[in-house]
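# Descriptive analysis of the structure
Next come the chains, spelled out residue by residue.
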Amino acid sequence: MKDLTASEFAMVGTRAPRRDARDKIHGITRYADDFSLGGMLYAKVVRSTRASARLVRVDTSKAAALPGVRCIMTAADVPHNVLFTDVPGQTTVVGALRARTQVLAADRVRYFGEPIALIAADTEEIAEQARGLVEIEYEDLPGVFDPVEAMHPEAPQLEETGNVISRWRVRQGDVDAGFAAADVIVEHTYQTPFIDHAFIEPEIGVGWLDEDGVITIRVATQVIEHFRDVANVLGLPHSKVRLIAPFIGGGFGGKEDVTVEVYIGLLVWKTGRPVRLLYTREESIITPTKRHPFRMRYKHGVRKDGTITAIEAEFISDAGAYAYLSPLVLLYAMVHSSGPYRCANVKVDGTAVLTNNTPTSAFRGFGSAQPAFGYESQMDACARAISMDPLAFRERNYVCKGESLPCGQPVDHAVLLTETARRAWEALGPSCAAPPGKRLGRGIASTLTSFGRIVWLHDWSAAWVELQMDGTIMVRIGVPDLGGGQASSLVQITAEIFRIPMSSITIHIGDSSLTPLAGTTTATRQLYMSGSAVHKAGMELRAGLLEQASSVLGVPAAALTMDGGAVVQVDGAKRISFQELAASCSRSGRERYRHSVFHAPAGKVMDFETGQGRVFPDLTFGSQAVEVEVDEATGAVRVTKLATCYDVGRVINRNSVEGQMEGGAAMGLGYALTEEDILEQGVPRTPNLMTYLIPTALDVPDITTIVLESGEGSGPWGARGIGEPAMVPTAPAIANAVYDAVGVRLTQLPLTPERVWRAMRDAAP
Amino acid sequence: MSASRMEERVSQRTISFTLNGQPMRLEINPHETLLHVLRERAAAAEVKSGCERGDCGACAVLVDGRGVNSCLTLAVQVDGKAVTTVRGLGTPDAPHPLQAAFLEQGAAQCGFCIPGMLVTLQAFLSERPAPTRAEIREAIAGNLCRCTGYHKILDAAETAARQMRAVQA
């Protein structure tokens, strides 16, 4: 089947307004919380106020006696009180791990805020009042709050199998020989904080018992496939649970693991009534999941000519109290550990450790953001150590198409890093003089981030594309739309294939029972996977419709194309409208729809001893450059200029691509300067948006966004993913700019005024 | 009748206000926030709840043309006043210039902050029709957005301000 080519594109690459935008701008969109049902109960979660304790007694009798309370559940009421996360391919050291979480704490709590009981009541106020009446007696247990301490054999153990839940390694060449061949060795230890996704829409869902005993939950989730988790906890057949994802108010990885859906499922199952559960902002911040703090020791050997002779790194990741996706996040970190650079001798060791802190898991950049702060700070430090321009040093070492990363991950497609770095750097423009009391500095970072799931997980996405009897097109696909324009991009692809306006296409998304499953909106995979599924189904349907038109018009299919809602003869007068074509298909028994599955290329499991092998289907590369102004008196850092440049392969919607790049840079700016979930002995101390600081419009400068299109990538028409990659270079670029401004290397995020001021003071002669 | 029920009865208040021009008359409890009353009793689901403590701006509405966080406003305070939400700015067929610019320039992503952002900008532009970009930043500093990085929001606000001035000129 002949594909459409870029020169023919009428829709792809344009700034067509997103399909979902109009409703959002007019306040019409019904998010998960904008939905209620008669007789709906309001749920609350009773949570642990200890980070590590044995549950001696949980007495719900007073709460149950409160008028208006309809249901209270504790661990004993949960049919199967365990949630599993299958984490494939564990190292031989640790053994196969089935990461498990208790749904409700049975006899022990391992983190502050761990759920102990569920309450459903006639009103939210009654549920809240009842929460205060549940009596819980704890016996405090020793806790451990630092992953390094947790690795000691005498440390309090969170699980019988020990606190270390994952170890991965990468081995290539001989690092000792590499360091011996180096002129300079640069070694630093870097630290990154817990951070919160801080989507503006908190975790929320409404569930009800639908016909035929199907528990249906309309929930803000990135993963409608969690219907299986709800069913497993309830001991129901999978077909008896249905998850619907409406448009979501932001996810960023924080709505990837199970949040409210299992609790709602339990309460609907127990009461038979509709149930709503909305987290408060405080609950959203203190409950799982967060981004992993990493402690990273990096050692680079370089020659004076700019060759990197060896990279050695050691990562320790704080998994919090339960594994969730920690082993996978660490695996991603291993693959990304050297950055987009070639090096013959590499040795990396990573360990993920349980502590009594809030559990950590997926966060935009999934294991690629933390190492980027390390390796890009190192690249800057190495360049300075050999008195080479940081850009020139990077250019000398960028990996090229056709080569492999040090872990053996092949680089199949174009690598435009040199262009991205130069374009971003040039976009900063000429330097100005620093205002009095301020120092200006500039920095750059180049990074890579994978997109698509691990190749041995056999990822797939399915799409249904149908020509309606009136000549319009319907798409059905189980994609949750987090706000990135996931659904609209699929509509735009469909519009291109059938050459009709986007307004002639309706898309149904995010229903685990009624739309073909398309996999998770995670891993920057939806444009790649579901874009490819829609492309496949659409092109197949197009081919079938052209054949049908060929038989009706008596013109060879090769001489036909689509335009303006009709099949038309190329250089000819014959045409048949989509409406007539649909009728013709019905009469002759030809299908007016296609259900197609796109399978990502599968691969063998990597070598666990050496970390060598292909892990990801594809990679996205880009650079960001920033200018900062550092206040000499206070250490406060302000970003005055920011330029971001990526090769996205192929633009589907230009506004959406730029939106991801701008929003990603702003999120990276928060990671660099202000964001930190502070925990003291496991107790969250920043449980609101007044203490947990995400960037405001005053903090983010105007962003220069430069989009490159190599035409090479695994997605539809050569597209690559951009959602996660967009936030990764910002923090190291800012840290490098601070070094440029004040001559001090900050190794711990965020770069708070206090840290910068202290570092400047300590470095003063 | 129990003491608590009697108390509830005694403390109920009736308030009248307009919501996007429509007259409303509601029995409320004096402790209820405007956010709660709008969402739960006035079917104004377009008013978003993000933090319920005035930190995020998602719940912003206009009261007599002035922007307020409805989570920090008691419903009794709007008695006799005009409340405007994003649905009072324009309709899909007749959008407000801000809404048209937000659509064209891709300023909305997840969209959850947008209703609050738009009414805040409307109140601001009606007082300052020719603002600098820095002044617009200041005006929306209390409206948090996690998706866009604010760039396209600022672009759209500038475009809308220009169009609104052109219409008035």
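Predicted, not measured: the structure shown is a model, and the values here were computed from it. Residue numbers run consecutively from 1 along every chain, following the written order of its sequence. Chain letters start at A and ligand numbers start at 1, both assigned in the order the entries are written. Local features in a predicted model are, by the rule used here, given only for residues with pLDDT of at least 70; side-chain atom pairs are given and counted only at 80 or more, and totals for whole chains, interfaces and linings are based on all residues. Hydrogens and waters are ignored; side-chain quantities use all the structure's heavy atoms.

Secondary structure summary: chain B contains six helices and five strands in total. Secondary structure is summarised from DSSP: a helix means a run of H or I of at least four residues, a strand means a run of E of at least two, and numbering begins at the N terminus for each. For chain B, the succession of helices and strands along the chain, N to C, is α-β-β-α-β-β-β-α-α-α-α. Dimensions of chain B, computed from C-alpha atoms along their principal axes, come out at roughly 60 × 30 × 25 Å. Using a 1.4 Å probe on the protein chains alone, a residue whose accessible area is under 20% of its type maximum counts as buried, one over 50% counts as exposed, and one in between counts as partly exposed. The 169 residues of chain B split such that 54% are buried. When checking whether two residues touch, look at their non-hydrogen atoms; a contact exists if any pair is within 4.5 Å. A sequence separation of at least 24 residues applies to 53% of the contacts in chain B between residues at least 6 apart. Using the Shrake-Rupley algorithm and a 1.4 Å probe, accessible areas are obtained, with residue cover drawn only from the displayed protein chains. Accessible area of chain B: about 7,400 Å², with a carbon and sulfur share of 49%. None of His or the chain ends enter the tally, which takes Lys and Arg as positive and Asp and Glu as negative. Charge placement uses NZ in Lys and CZ in Arg. For Asp and Glu, CG and CD serve respectively. A gap of 2 Å separates the mean positions of the 18 positive and 17 negative side-chain charges of chain B.

Between chain B and chain A, the contact holds 47 residues from the first and 56 residues from the second. A simple way to read buried area is as the amount of 1.4 Å-probe accessible surface that goes missing from two parts once joined, with both sides added. At the boundary of chain B with chain A, total buried surface from both sides reaches about 4,200 Å², with 57% on carbon and sulfur atoms. Looking only at chain B, the three residues that lose the most surface to chain A are Gln109, Arg137 and Arg146 of chain B, adding up to 20% of its buried area. What counts as a salt bridge is simple: a side-chain nitrogen of Lys or Arg found within 4 Å of a carboxyl oxygen of Asp or Glu. Taken together, the connections running from chain B to chain A amount to eight salt bridges. Of the charged contacts, one joins Asp34 of chain A and Arg39 of chain B as a salt bridge, the two residues approaching to 2.8 Å between their closest N and O atoms. Pairs of N or O atoms within 3.5 Å make up the polar contacts considered here, provided that, within protein, one atom can donate a hydrogen while the other can accept it, and that residues adjacent in sequence are counted only when both atoms are side-chain atoms. At the boundary of chain B and chain A, one finds 26 residue pairs in polar contact (both at pLDDT 80 or more). Contributions of two or more residues to the side of chain B that touches chain A are made by α2 (34-41), α3 (97-104), α4 (114-127), α5 (133-139) and α6 (151-168) of chain B. Element by element, the count of residues in the side of chain B that touches chain A is highest for α3 of chain B, at four residues. Side-chain classes follow a simple rule in which Ala, Val, Leu, Ile, Met, Phe, Trp, Tyr, Cys and Pro form the nonpolar group, Asp, Glu, Lys and Arg form the charged group, and the remainder, Gly included, forms the polar group. Among the residues making up the side of chain B that touches chain A, the classes are represented as 21 nonpolar, 13 polar and 13 charged.

Here the focus is the sheet that holds strand β24 (residues 575-577) of chain A. Adjacent strands of a sheet form backbone hydrogen bonds with each other and so pair up, either parallel or antiparallel. Residues and elements named next belong to chain A. The strand order across the open sheet built from three strands is β22-β23-β24, with neighbouring strands paired in antiparallel fashion. At either end of the open sheet lies a strand with only one pairing partner, and these are β22 (560-563) and β24. Averaged over neighbouring strand pairs, the angle between their axes works out to 25 degrees when direction is ignored. With three bridges connecting them, strand β23 (residues 566-569) and β24 associate as antiparallel partners. Along β24, the bridge assignment pairs Val567 with Ile576. In this description, a line fitted to the C-alpha atoms serves as the axis of each element, helices being fitted only across the stretch in contact, and the angle between N-to-C directions of two axes falls anywhere from 0 to 180 degrees. Each of β22, β23 and β24 touches helix α14 (residues 526-553); the most contacted strand, β22, lies at about 115 degrees to it. Against the sheet, helix α15 (residues 578-588) contacts β22, β23 and β24, and its axis sits at roughly 80 degrees relative to β24. Here a strand pair is declared whenever DSSP counts at least two bridges between the two strands.

All names here are of chain A. Extensive coverage of strand β16 (residues 308-320) is indicated by the burial of twelve of its 13 residues. In this structure, strand β15 (residues 294-302) lies alongside β16, joined through nine bridges in antiparallel fashion. Paired with Tyr298 across the strands is Ala313, a residue of β16. Count of turn residues in the β15/β16 antiparallel hairpin: five residues, of which Gly306 carries a positive phi of about 100 degrees. The sheet contact formed by β16 and strand β17 (residues 346-354) spans nine bridges and is parallel. Bridge pairing links Asp318 to Val353 in β17. Handedness of the β16-helix α9 (residues 326-336)-β17 crossover: right-handed. By definition, the crossover connecting two strands over a helix is right-handed if that path, from the first strand to the second, turns clockwise as seen with the strands pointing away from the viewer.

We now examine the domain arrangement of chain A. Residues and elements named next belong to chain A. Domain start and end points were adopted from an automatic or database domain assignment. Taken domain by domain, chain A comprises domain 1 (6-30 + 460-599), domain 2 (41-141 + 203-278) and domain 3 (294-454 + 605-763). Between the C-alpha centres of domain 1 and domain 3 there is a distance of 37 Å. Across the contact, 23 residues belong to domain 1 and 25 residues belong to domain 3. Both sides together, the interface formed by domain 1 and domain 3 hides about 2,000 Å², and carbon and sulfur atoms give 60% of it. It is Arg15, Thr524 and Tyr528 in domain 1 that bury the most area against domain 3; as a group they hold 34% of the surface buried on that side. Connecting domain 1 to domain 3 are one salt bridge. For Arg15, the salt bridge goes to Glu658, with nearest N and O atoms at 2.9 Å.

Residues and elements named next belong to chain A. Two elements in contact, helix α10 (residues 369-385) and helix α11 (residues 390-397), have axes whose closest approach is 9 Å; the angle formed by their N-to-C orientations is 110 degrees. On the basis of the axis angle, α10 is roughly perpendicular to α11. Helix-helix and strand crossings are classified by hand; for α10 and α11 the assignment is right-handed. Along the contact surface, α10 presents Glu376, Met379, Asp380, Cys382 and Ala383, while α11 presents Pro390, Phe393 and Arg394. What sets the label is the angle itself: under 35 degrees gives roughly parallel, over 145 gives roughly antiparallel, 65 to 115 gives roughly perpendicular, and the rest give oblique. Note on convention: the crossing is left-handed when the near helix lies turned anticlockwise from the far helix by less than a right angle, right-handed when the turn is clockwise.

Before going further, it helps to examine unusual backbone geometry. Residue and element names in this part refer to chain A. Residue Thr289 follows Pro288 across a cis peptide bond; omega there is 5 degrees. With an omega of -10 degrees, the peptide bond running from Leu749 to Pro750 counts as cis. As for its position among the elements, Pro750 is in the loop between α17 (730-742) and α18 (753-763). You will see that Ala523, though not glycine, has its phi angle at about 55 degrees, which is positive.

Another aspect to go through is the side chain of Thr287 of chain A. Residues and elements named next belong to chain A. Along the chain, the position of Thr287 falls in the loop between α8 (281-286) and β15. Engagement of the side chain of Thr287 in a polar contact is seen with the backbone oxygen of Glu283, the distance being 2.7 Å. Among all residues touching Thr287, those that are not within four sequence positions of it are Arg47, Tyr279 and Thr358.

Attention now goes to the domain arrangement of chain B. Residues and elements named next belong to chain B. Taken domain by domain, chain B consists of domain 1 (11-88) and domain 2 (97-168). Placing a centre on the C-alpha atoms of domain 1 and another on those of domain 2 gives a separation of 22 Å. The interface of domain 1 with domain 2 comprises 15 residues on the first partner and twelve residues on the second. Of all residues in domain 1, the largest losses of buried area upon contact with domain 2 belong to Lys48, Leu62 and Val86, amounting jointly to 42% of the total for that side. Between the two partners, domain 1 and domain 2, sit zero salt bridges.

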